[in-house]
Amino acid sequence: MARTPDLSAEPLRDHKRAVLDAGAVREAYRRWAGVYDTVFGGVSSFGRKRAVAAVNRLPGTRVLEVGVGTGLALPRYRRDKRVVGVDLSREMLEKARERVAAESLTHVEGLVEMDAERMAFHDASFDIAVAMFTASVVPDARRLFAEMSRVVRPGGQLLFVNHFAAQDGLRWWAERSMAPLARVLGWHPDFALSDLLGADAEVVAMEPCPPGGLFTLVQVRNGQAVQALAA
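No experiment lies behind these values; they were computed from the predicted model shown. (Residues numbered from 1 in each chain as written. Predicted model: local features only at pLDDT ≥ 70, side-chain atom pairs only at ≥ 80, totals over all residues. Heavy atoms only, no water.)

Caption draft 1: Structural view of the overall build of the chain. Along the chain, the regular secondary structure elements total 7 helices and 7 strands. For the chain, the sequential pattern of α-helices and β-strands runs α-α-β-β-α-β-β-α-β-α-α-β-β-α. The 231 residues of the chain split such that 52% are buried. Within the chain, residue pairs in contact and separated by at least 24 positions form 75% of the contacts whose partners lie at least 6 positions apart. (Helix = DSSP H or I, 4+ residues; strand = E, 2+ residues; numbered from the N terminus. Buried < 20%, exposed > 50% of the residue type's maximum accessible area, 1.4 Å probe, protein only. Contact = heavy atoms within 4.5 Å.)

Here it is as structure tokens:
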């Protein structure tokens, strides 16, 4: 059953958050590109597997992967899905193109350097859009959500795998302490679900992912109310 997440439970932020911009993101992932798969590939693999498995179960063949990075998820899509990937980092995309060529991933129709907050696609170009570990990277996650909702047809699906900030405890303290390093890291350690979703988001499912529920898979139905966010 569709449900709206309780966004009122998100942690308070009385600290100053470091500002991410496109330039900071590009620079961070220029540094990460060569070692990304080694450093993050393992810990993020569970979330990627679950997200792509969810995409593969959904109707529709036109799939947009937002923040495709080095293309770690691309081999996992069913071959009847027609996948387009976008990323802001040229260096990460080069790694993705190498993967597509090496593994003959003919279902990948394009890999494009593009700002996820200002995508060049026409409205309703895709059946499904999925963002894996991307929402906490972009400068404005609500704008990302609006753009994804715009380029996906009404009734289609938006999927997000991401780390969302803890509400209390040691992890909350650690995330809060790391928040000023966002420009260096290339993502917001203290990113909250409410930073991404508005109260009118039609959440179909939320599923914790290993290791230890550190990441969450969120599936949202793209309804007319969501489409209005992009206006």
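Caption draft 2: Representation of the side chain of Ser89 in the model. Relative to the helices and strands, Ser89 resides in the loop between β2 (82-87) and α3 (90-102). The exposure class of Ser89 is buried, given its relative accessible area of 3%. Reaching out from Ser89, the side chain makes a polar contact with the backbone nitrogen of Met92 at a distance of 3.1 Å. (Polar contact = N/O pair within 3.5 Å; in protein donor to acceptor, adjacent residues only side chain to side chain.)

Caption draft 3: Layout of α3. Taking 1.5 Å per residue, 13 residues should reach 18 Å; α3 reaches 18 Å between its end C-alpha atoms and fits that length. Every buried residue of α3 is listed here: Met92, Leu93, Ala96, Arg99 and Val100. Looking straight down α3, one finds its buried side chains confined to an arc of 115 degrees; they lie on one side. Set apart from the buried face of α3 by more than 90 degrees, the exposed residues are Arg90, Ala101 and Ala102. Within two residues after α3, Ser104 carries a phi angle of roughly 50 degrees, on the positive side. (Expected span 1.5 Å × (residues − 1). Arc of directions from axis to C-beta.)

Caption draft 4: Examining the pattern of salt bridges more closely. Within this structure, the stated rule accounts for 11 salt bridges. A salt bridge links Asp123 to Arg150; the nearest nitrogen and oxygen atoms lie 2.8 Å apart. Of the two residues, Asp123 sits in the loop between β3 (108-113) and β4 (126-132) while Arg150 sits in helix α4 (residues 141-151), which places them 27 residues apart along the sequence. What you see here is one network of salt bridges that share partners, running through Arg62, Asp127 and Arg153. (Salt bridge = Lys/Arg side-chain N within 4 Å of Asp/Glu carboxyl O.)

Caption draft 5: How the structure looks around the pairing of β3. Of the pairings in the sheet, the one linking β2 to β3 comprises 5 bridges and is parallel in character. Counterpart to Val86 in the pairing with β3 is Val112. Crossover β2 to β3 through α3 is right-handed. (Pairing = 2+ DSSP bridges. Right-handed = clockwise from strand over helix to strand, strands pointing away.)

Caption draft 6: Examining unusual backbone geometry more closely. With phi around 55 degrees, Ala124 is a residue other than glycine that occupies positive phi space. Locating Ala124 in the fold gives a position in the loop between β3 and β4.

Caption draft 7: Spatial organisation of α4. Counting buried residues along α4, 9 of its 11 residues qualify, which places the element largely inside the surrounding structure. Of all the residues in α4, the buried ones are Ala141, Leu144, Phe145, Ala146, Glu147, Met148, Ser149, Arg150 and Val151. Residue Asp140 occupies the N-cap position of α4, its side-chain oxygen lying 3.2 Å from the main-chain nitrogen of Arg142.

Caption draft 8: Quick look at the sheet that holds strand β7 (residues 215-221). Here we have 7 strands laid out as an open sheet, ordered β3-β2-β1-β4-β5-β7-β6, and mixed in their pairing. Strands with a single pairing partner mark the edges of an open sheet, and in this sheet they are β3 and β6 (202-209). On average, each strand axis in the sheet is tilted by 15 degrees relative to the strand beside it, whichever way the strands run. The sheet strands contacting α3 are β2 and β3, and the helix crosses β3 at an angle near 165 degrees. Sitting on the sheet, α4 is in contact with β1 (62-66), β4, β5 (152-162) and β7, with an inclination near 140 degrees to β5. (Axes fitted to C-alpha atoms, helices over the stretch in contact; angles between N-to-C directions.)

Caption draft 9: The arrangement of the packing of aromatic side chains in detail. By the definition in use, this model includes 3 aromatic pairs. Between Phe121 and Phe126 the ring centres are 5.1 Å apart and the planes differ by 85 degrees, which places this aromatic pair in the edge-to-face class. Neither residue differs from the other here; Phe121 and Phe126 are each classed as buried. When the centroid spacing of 4.9 Å and the interplanar angle of 75 degrees are considered together, the rings of Phe133 and Phe215 count as edge-to-face. With a gap of 82 residues between them, Phe133 in the loop between β4 and α4 and Phe215 in strand β7 connect regions that are remote in the sequence. Like Phe133, the residue Phe215 is buried in the burial classification. (Phe/Tyr/Trp six-rings, centres within 6.5 Å; stacked < 30°, edge-to-face > 60°.)

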